[in-house]
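The residues making up each chain are set out below.
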Amino acid sequence: MKNFLDAVRGNPKLTAGMLALLAVQGILQSRIDVIRKDPNIEPPSTRKSLGGLPFEYALGAVSGFRQVIAGLLWVRADSFFHSGNYDAILPLLRLITWLDPNWLDVYSTGAWHLMYNFTDTDQRSDRRYLPVGIALLNEGIEANSTVFDLYKEKGWNLFDKVKDYDESVKAYQQARDNDPAHDINMVEHLLAHATERSGNPEGAVKAWEAAMAAHKQRMDAAKGTPTEADAMSRNTQGLNNATKNRRMVSVRGYCRPRDIARLGQVDTNMSFKVTRVRPRVLRVEGTWNLVGCIKDQYDDLSFDDQGTPKAATISSGIVMDGPVDGARVDIRLQDAGYAIPSPKEFSFEVPDTLTIMQDAINSRGGKKTLRGSLCAINTGASTDPNQERAGVYSYKDDASAPKGVPIVKALAAGQLSPLGQLQLATLVFPPSTRKKKFYTQADVPGIISEIKADATKLKGLTDRKFYVALEDKLMPSEFGQKREIDMSKDPKMYSFKADAYDLILGFNPRIAPDFVQDRLGWNGEGMTDKRYLRTDIKPGLRMLSVKLKLTRDDIVGADTKVLFDDSKGIGLDKIQK
């Protein structure tokens, strides 16, 4: 430093040049500072975070060590993550992507933080950050357009978090088309899954076939190379998975429309109630007929390895259907008229006056017992695991159960229906014990004869309170009972600054589990509802949806109040057409 100062003192031209550069720098910096005050350029949270950065970080960034400084900042961001200080991570991510726009992990990790880790007290995601996360990925894609990674991350976030399967398909297609070296398992397999979830099984079959061809091409190209063993192992496994998935989509593509035609549409008959429990706390509860394929009661054995029927006519895939648990009803509360934006530029600042809450409530407890079929009285003991596979429902007491007679008497009197006999065979001798996936009606007579001759098994059924119903009994599935949606603990996330809100309740069959789709179809072809069926939200999709218009007082009012109850005609004027 002393030698440098001596050189400056002894060289007037050098001194004048340095002073001129400092003057120019001062003029430019004064203009830059004005621009930086724009929150879209440098949000306040960034300036706050930068205040604690050591000077050498900033000096290094302008001295040609951008990637080194980006690495140091990443270490710092990682420490914030492990301490749970997510708010401090975002400004650092912004800086790192400026310093090194080709660091893919920073974009993907940043989007993950934005879309998954910002939550309320009850672990509901802050939906305000979803478009922000996608915008960050879009920025990364623009800077890295020839590699598949960020397209793939975008596709997954749209698939898993946003549930926008059409846009997910587009992202995976871009990953495939823009990078010939893409990972087939990560890109083309998920493209096929997203295509099926978008309600396009024919397109999914084609996507699986393309993935199969890609795996074979990679294996051929790897022959005789140093990476042959690894490539053969990875692509052989991928090819096997793609082949199995292609077969199953083909089987379901054949069976689902035939099952719906044979069994008819399910009238979901949804009914619900909305109650303000206390300020900023709602309860959304209701009932509906949720029907699916009973566990392990799906026949895919009548098809070859390509998913082609082995016989000229095959009636269906569903062996036994009935009420099932597992599907969810979506609840969304938002500022009236809100639509997810598509920001052109990334900024992690979100409107602090915007309120969006989204939750998914499990459906459980549906029961359907037909005359001549089996049921059970279960007062709290664990349920026989074979009951689910047999489609036998338990009731909590005699008063709630259908009228019935013990199985011994029903067998003697011939009171078991064909369904009841199939249930009894499945319950007593699980198909797996006889190397079968399920029983057909042809298997049943011999098994029933065995049961009649086995006094020990008959006594066990009586002791466990299994009965044969003498009447039909239907109990709908329930959702939201005793479940509160508490938004009072997170005022920053749920500010309730607006005067009007949309409360949207819905069921999208494209999101439902496979065993529900087996009965209701990919696009809701197998369901109807006199109140809440909608066919105008997305082309080709039949879904349940209703939008209520609520006021701020409806939500923040002090006393307990029923805001809507369709069974009693309360709040029907809140329904938005």
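Since the structure is predicted, the reported quantities are computational estimates derived from the model, not experimental observations.

**Quick word on the overall build of the protein chain**
In step 1: Looking only at helices and strands, the protein chain features 20 helices and 20 strands.
In step 2: When burial is assessed residue by residue, the protein chain has 47% of its 577 residues classed as buried.
In step 3: In the protein chain, 72% of the contacts between residues at least 6 apart in sequence involve partners at least 24 apart.
In step 4: If you sum the accessible surface of the protein chain, you get close to 28,800 Å²; carbon and sulfur atoms cover 53% of it.

**Comments concerning the nonpolar core**
In step 1: Core analysis: the biggest nonpolar cluster contains 69 residues, and Phe-272, Ile-331, Leu-333, Leu-424, Leu-505 and Phe-507 have the highest contact counts within it.
In step 2: Among all residues touching Phe-507, those that are not within four sequence positions of it are Trp-288, Ala-327, Arg-328, Ala-512, Val-516, Leu-520, Met-527, Met-543 and Leu-544.
In step 3: Membership of the second largest hydrophobic core comes to 38 residues, among which are Ile-96, Leu-114, Leu-130 and Tyr-151.

**Quick word on the environment of Val-274**
In step 1: As for its placement among the helices and strands, Val-274 is situated in strand β2 (residues 271-278).
In step 2: With 11 residues separating them in the primary sequence, Val-274 and Glu-285 have C-alpha atoms 6.7 Å apart.
In step 3: Val-274 has contacts with Arg-283, Val-284, Leu-503, Leu-548, Lys-561, Val-562, Leu-563 and Phe-564, leaving out every residue within four places of it along the chain.

**Some thoughts on the packing of helix α11 (residues 184-197) against helix α13 (residues 228-263)**
How two helices sit against one another is set out by the angle between their axes and by the gap between those axes.
In step 1: In the contact formed by α11 and α13, the axes pass within 11 Å of each other and the chain directions differ by 5°. Judged by the inter-axis angle, α11 sits roughly parallel to α13. Along the contact surface, α11 presents Ile-184, Asn-185, His-189, His-193 and Glu-196, while α13 presents Arg-234, Asn-235, Gly-238, Asn-241, Ala-242, Asn-245 and Val-249.
In step 2: The residue makeup of the contact of α11 with α13, split by class, is 3 nonpolar, 7 polar and 2 charged.

Definitions and limits used
Along each chain, residue indices are assigned from 1 in the same order as the chain's sequence is written. Two thresholds apply to this predicted model, a pLDDT of at least 70 for residue-level local features and 80 or more for giving and counting side-chain atom pairs, whereas whole-chain, interface and lining totals are computed over all residues. Here the side-chain values reflect all heavy atoms present in the structure, with hydrogen atoms and water set aside. Secondary structure elements follow DSSP: runs of H or I no shorter than four residues count as helices, runs of E no shorter than two count as strands, and numbering proceeds from the N terminus. Exposure is judged per residue with a 1.4 Å probe applied to protein chains only, and the accessible area is read against the type maximum: over 50% gives exposed, under 20% gives buried, and values in between give partly exposed. The contact criterion used throughout is that any non-hydrogen atoms of two residues lie within 4.5 Å. Here the open area of atoms and residues is found with the Shrake-Rupley method and a 1.4 Å probe, where only the protein chains shown may cover a residue. Put simply, a nonpolar core is a bunch of buried Ala, Val, Leu, Ile, Met, Phe, Trp, Tyr and Cys residues held in one set by side-chain atoms that sit within 4.5 Å of each other. Here, axes are lines fitted to C-alpha atoms. For helices the fit covers the stretch in contact, and angles between N-to-C directions go from 0 to 180 degrees. We call two directions roughly parallel when the angle between them is under 35 degrees, roughly antiparallel when it is over 145, roughly perpendicular when it lies between 65 and 115, and oblique otherwise. Side-chain classes follow a simple rule in which Ala, Val, Leu, Ile, Met, Phe, Trp, Tyr, Cys and Pro form the nonpolar group, Asp, Glu, Lys and Arg form the charged group, and the remainder, Gly included, forms the polar group.

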